[in-house]
Structure formats: structure tokens, C-alpha cells
Amino acid sequence: MPKEQPFHLDGGDILTAADDDILESIADFEVAVGIACVTCHDTHNQHTYNNPLHGVVSFTNLLTGSVIQLTNQALGARYTTQLREPLSSLEDYHSTGNFATNYNPAINLCAQCHNDRGATFTRTDRPPHRSPQYNMLLGTVGELPDHYPAHLPSTHSRIEKQCVSCHMQTSGQGEMGQSGHHFKVTSYEACASCHGSAENAQAFAAFVKDVILSLSNDVKTALDKWAVTRAAPGLRKYGALAWEYQNAGGLSTTNGALAGPVSSPNDPARDEQRLIPLNIQKARFNLYLVINDGSYGAHNGPYAISLLSAALDWIEQENTEPNQPQ
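For the structure given in this document, a descriptive report is provided here. Values in this document were obtained by computation on a predicted structure and should not be read as measured data.

About the cut-offs
Residues numbered from 1 in each chain as written. Predicted model: local features only at pLDDT ≥ 70, side-chain atom pairs only at ≥ 80, totals over all residues. Heavy atoms only, no water. Helix = DSSP H or I, 4+ residues; strand = E, 2+ residues; numbered from the N terminus. Buried < 20%, exposed > 50% of the residue type's maximum accessible area, 1.4 Å probe, protein only. Contact = heavy atoms within 4.5 Å. Areas by Shrake-Rupley, 256 points an atom, 1.4 Å probe, with all protein chains shown as cover. Core = buried A, V, L, I, M, F, W, Y, C linked by side-chain atoms within 4.5 Å. Axes fitted to C-alpha atoms, helices over the stretch in contact; angles between N-to-C directions. Left-handed = near helix turned anticlockwise from the far one by under 90°. Nonpolar A, V, L, I, M, F, W, Y, C, P; charged D, E, K, R; others polar. Expected span 1.5 Å × (residues − 1).

## Overview of the overall build of the chain
Working step 1: From N to C terminus, the chain includes 8 helices and 6 strands.
Working step 2: The secondary structure elements of the chain, listed N-terminal to C-terminal, are β-β-α-β-β-β-β-α-α-α-α-α-α-α.
Working step 3: In the chain, which comprises 326 residues, the proportion classed as buried is 45%.
Working step 4: Taking contacts inside the chain between residues at least 6 apart in sequence as the whole, the part at least 24 apart equals 60%.
Working step 5: In the form shown here, the chain has an accessible surface area of approximately 16500 Å², with 53% of it arising from carbon and sulfur atoms.

## As for the nonpolar core
Working step 1: Ranked by size, the top nonpolar core spans 43 residues in total, and within it Leu223, Trp226, Leu235 and Trp243 carry the most contacts.
Working step 2: Looking at this core, the elements with two or more residues in it are α6 (198–229), α7 (278–293) and α8 (301–320).
Working step 3: The contacts of Trp243, once residues within four sequence positions are left out, are Lys220, Leu223, Asp224, Trp226, Ala227, Leu251, Ser252, Ile276, Ile280, Arg284 and Tyr288.
Working step 4: In terms of nonpolar packing, the next biggest core, distinct from the first, is built from 7 residues, Leu75, Tyr79, Leu87 and Leu109 among them.

## What about the environment of Leu278?
Working step 1: By the secondary structure assignment, Leu278 is in helix α7.
Working step 2: On a C-alpha basis, the gap between Leu278 and Trp314 in space is 9.0 Å, while along the polypeptide they are 36 residues apart.

## Quick look at the packing of α6 against α7
Working step 1: The interhelical angle for the contact between α6 and α7, taken along N-to-C directions, is 150 degrees, at an axis separation of 11 Å. When you trace α6 past α7, the crossing you get is left-handed. Facing Ile212, Ser216, Val219, Lys220, Leu223 and Trp226 of α6, the residues of α7 in contact are Ile280, Ala283, Arg284, Leu287, Val290 and Ile291.
Working step 2: In terms of residue class, the contact of α6 with α7 is made up of 9 nonpolar, 1 polar and 2 charged.

## Description of the environment of Ile291
Working step 1: Inspection of the secondary structure assignment puts Ile291 in helix α7.
Working step 2: We classify Ile291 as buried; its relative accessible area is 5%.

## A look at α7
Working step 1: The terminal C-alpha atoms of α7 lie 22 Å apart, and with 16 residues this matches the ideal 22 Å at 1.5 Å per residue to within 8%.
Working step 2: The buried count for α7 comes to 15 of 16 residues, which makes it a mostly enclosed element.
Working step 3: In the segment just after α7, Gly294 is the residue with positive phi, at about 80 degrees.

Any functional reading would require information beyond the geometric quantities listed.
Here it is in C-alpha cells:
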């Protein structure tokens, strides 16, 4: 699995292109988005928001069938802050194209950047960006068989403050535990009210992470097997990279030095990605979404497992069906 990368860095910069499958060129460093106080906090104005998750929220997970009631009382039905956007939202969001023209002030503050950017499995030049967290939380990105509903949100999507609840806890001890602005989850105390105790929550998170990592490794192994045993003759020169995007992602290369089949949709004569079956394209897309989400199931465990299971099924079809002429 690729090494986790920091995004909110010392000095207030967020390098939106800080990895091989994100960087278009070194020039991207020159347009890295500055993350300072005013990115999230309005310097001079306060804003009032409606809270879509206020009160007793009854939620049924469509993947597991589990029903849970959450009591959300921290913010009230309406709340006023100096934040530029609200703490929670339930509307799907993709910041595609020009950010300014796609801006939606009703969307969760964190989701303004942490969204899938309109990712689709049909894009073949590079894996999806490392920012699909909001859409994974809502279960709206990724490929599943047709009988699945279009939206498969997680129970965690109904927590009143959504991202902030876990990533900006303020009750911890120590130098970095007071303001909550380190964003890394270092305490599970916020989970205790539902999971019984912080220890229970941490143990469950570790269990789900093991499941996700195991399934992810199974998908990667199956893709490699397809690449070296079932890929079209025109792709065999790429070896185990025959399933990859043209700009191979972090599952195959740690420094961006390796490339997969050429992506050239407007020039079929050069386009080697067309030789990769749609099942393999969907499988790799799901795998990179789950890995690049970075939560290892904490955001939406049942959905992540479903994406990886579907990926395994699609690869198995390609690894067992007779080869078709290419």
C-alpha cells in the first residue's frame, strides 16, 4: 500500500499535487492552495447555517441493514459561526472544472476540497485524486453492480459535525490536542457514546482496517495476475503494470517513474488503454478510491468493502473467461 501523505502542511500550505498520481508537472507546486486561517474562517463576518442533522436522527444502513438512532444536540437547529461553510451537508458534490464556478456554499466545509472532483472509471490517464473522502462518506463514488442503490451513505455521515467530530477533537491532552487543528485522528473519545468506549472504537477501527487492507491486497494481486496472464498481447510488454493507468498510481510506483499503457482517447491508433476490459477498469478505479480515501473503512466501511468485493468479482470474471480476440 502507498505511504500516507500529509496534505495540511506546516506553514499553512496544502500541496494539492504532492504525489505521482496527482502531480501534472512540477509547476503544480507553484499553484498549491494556501491553507491558512482565512481559508476556513471568515475574518470579518459570521454566518448562520441550518443544521440538517439536528435532533434524533434515525438511520438505516442499506448495506448492512443495521438501524441506529443518533441524538445530535451540539449545534442546535441553526447555528452561527465564522466558518465560511457549514459543518455538515448531505448533498453530493464534485468540484469539477473551475473551482469558482462550481463552488457551493451549502456543502460541508471540508468537502469543498475533499471530494472526488468528478472522478470516473472511464478516465484512463491517472487514478482518481486523493480527495474522495466526502463522496466515500456519502457512498456516491465508485462502481457497483446495477442492483445497488445509487447512494449508500455511512452511519458516520449522520454525525452532527461530520468530519470535524473526529478530525478536530479538542478534548485531548498535550501540545497538539487542544485546538484540534492537526486534523489527524489521535483520540477515539468522540466515538465512545456510540461504540461503548474509546477502546472499543479503536479496536473496531483496527479490525475494519485489517479487512480493508486484506481485500485491497487481494484486488491488487488479482489485477497483477490478470496483467501477466490474461492481458491482450499488445499490453504484455508492461508486465504487471498492464492493468494500470498511463500515469501509474501509488500501488505500483512510489516515485511516479513507472507508466502503464498509453492513454490517448482521441487517437485510437495510440490508445492502449482501450485494450483493458471495462471490468478491469472498474476494478482498478474502486481499488484506488478506497486506498486514496485513506480512512481504511472508517468513513464508510460497508461501502468500501462492497467496492472491493465488486472489484474482485469483475477481475475473477476476466481471469476465468476465455480470452477474446483483441
